[in-house]
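Observations on the three-dimensional arrangement
So the chains spell out like this:
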Amino acid sequence: MKKSELREIIRAKKRLFDKQTLAEQSLVRIQELLQHPRVQSAQTILMFHSLPDEVDTHEALNLLVAQGKTVLLPVVTDKTNMMLRRYASPDDLHIGPFNIMEPIGEPFNDYDQIELTVIPGMAFDAEGHRLGRGRGYYDRFLPLLPHAYKLGLCFDFQKVEHVPTNANDITMDEVL
């Protein structure tokens, strides 16, 4: 199966769920995330500000900041690259490319401090292979964080038997 075909299958599955059902599934997954030993022990975490069809990370971001953790979010800088900025509150966000909320402020460049990355995806398999949205931002960025634990975050219906991969695709250490 091609990556584009799997993306369409997952999009079709997402359409089977209403907002309320996805919200309920998000709560369960976020509770698992917040109780995860890696999340509890990490001081600096790269997260993502979820889109409407992803596990809702918005409250988790605020809870992690309230716990005194450094929470970083990606910021798209051009057609192929992204950078990181610190997340402090919803007030620090603006709409970036692809309608993803991004923090304002100074770039965060001390990558050695990042202990954990929580990464979205269209689909994941049991080996940690990830299918993204097709632009490759995370696959280009994650090699800058070889020491960070990579945790994929998705709904159960996004876990599939096999994700097609290329040589440049980055594998997750674990998928929730």
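Further up the page is the structure itself.
Section: the layout of surface pockets
Roughly 590 Å³ of internal volume is contained in the largest pocket. Elements with a contribution of two residues or more to the lining of the largest pocket: helix H1 (3-15), strand S2 (70-76), strand S9 (130-131) and helix H5 (137-141). Tallied by class, the residues present in the lining of the largest pocket amount to 13 nonpolar, 7 polar and 10 charged. Here the second largest pocket is characterised by a volume of approximately 380 Å³. Lining the second largest pocket are 21 residues, with Ser-26, Leu-51, Pro-52, Glu-54 and Asp-56 sitting closest to its centre. Elements supplying a minimum of two residues to the lining of the second largest pocket: helix H2 (19-35) and helix H4 (58-66). Element by element, the count of residues in the lining of the second largest pocket is highest for H2, at 6 residues. Split by residue class, the lining of the second largest pocket holds 11 nonpolar, 5 polar and 5 charged.

Considering H2
With 17 residues, H2 should cover 24 Å at 1.5 Å per step; its first-to-last C-alpha distance of 24 Å lies within 8% of that length. Those residues of H2 that fall on the buried side of the exposure criterion are Leu-22, Ser-26, Arg-29, Ile-30, Leu-33 and Leu-34. The arc that holds the buried residues of H2, viewed along the axis, is 135°, so those residues lie on one side. Exposed side of H2, more than 90 degrees from the buried face: Leu-27 and Gln-35 are the residues found there. Summarising the contacts, the buried residues of H2 are in contact with helix H3 (37-41), H4, strand S7 (116-120) and strand S10 (149-153). Of the residues that open H2, the one with a side-chain oxygen 3.3 Å from the backbone nitrogen of Gln-20 is Asp-18.

What counts, and at which threshold
Position numbers for residues count from 1 along each chain, tracking the sequence in the order it is written. It should be noted that, the model being predicted, local features are given only for residues of pLDDT at least 70 and side-chain atom pairs only at 80 or more, the latter also being counted only at that level, while totals for whole chains, interfaces and linings use all residues. As a convention, hydrogens and water are excluded, and side-chain values are obtained from all of the structure's heavy atoms. Cavities and pockets were defined on a 1 Å grid built over protein atoms only: a cavity is a set of grid points that admits a 1.4 Å probe from which the probe cannot escape, a pocket is an open set flanked by protein on both sides within 12 Å along at least five of seven lines, and lining residues are those with an atom within 4 Å of any such point. Grid points are joined across faces, edges and corners, and a volume is the space filled by probe spheres set on the points. Working definition: helices are DSSP H or I runs of at least four residues, strands are E runs of at least two. Numbering for both runs from the N terminus. Three categories are distinguished: nonpolar for Ala, Val, Leu, Ile, Met, Phe, Trp, Tyr, Cys and Pro, charged for Asp, Glu, Lys and Arg, and polar for the others, with Gly belonging to the last. Each helix should span, by expectation, one fewer than its residue count multiplied by 1.5 Å. Any residue under 20% of the maximum accessible area for its type is buried, any over 50% is exposed, and the rest in between are partly exposed; the area is computed with a 1.4 Å probe on protein chains only. Here the arc refers to the directions that run from the helix axis out to each C-beta atom. Whether two residues are in contact is decided by their heavy atoms: any pair within 4.5 Å suffices. Polar contacts, as counted here, are pairs of nitrogen or oxygen atoms within 3.5 Å of one another; within protein the pair requires one atom able to donate a hydrogen and one able to accept it, and residues that are adjacent in sequence qualify only if both atoms are side-chain atoms.

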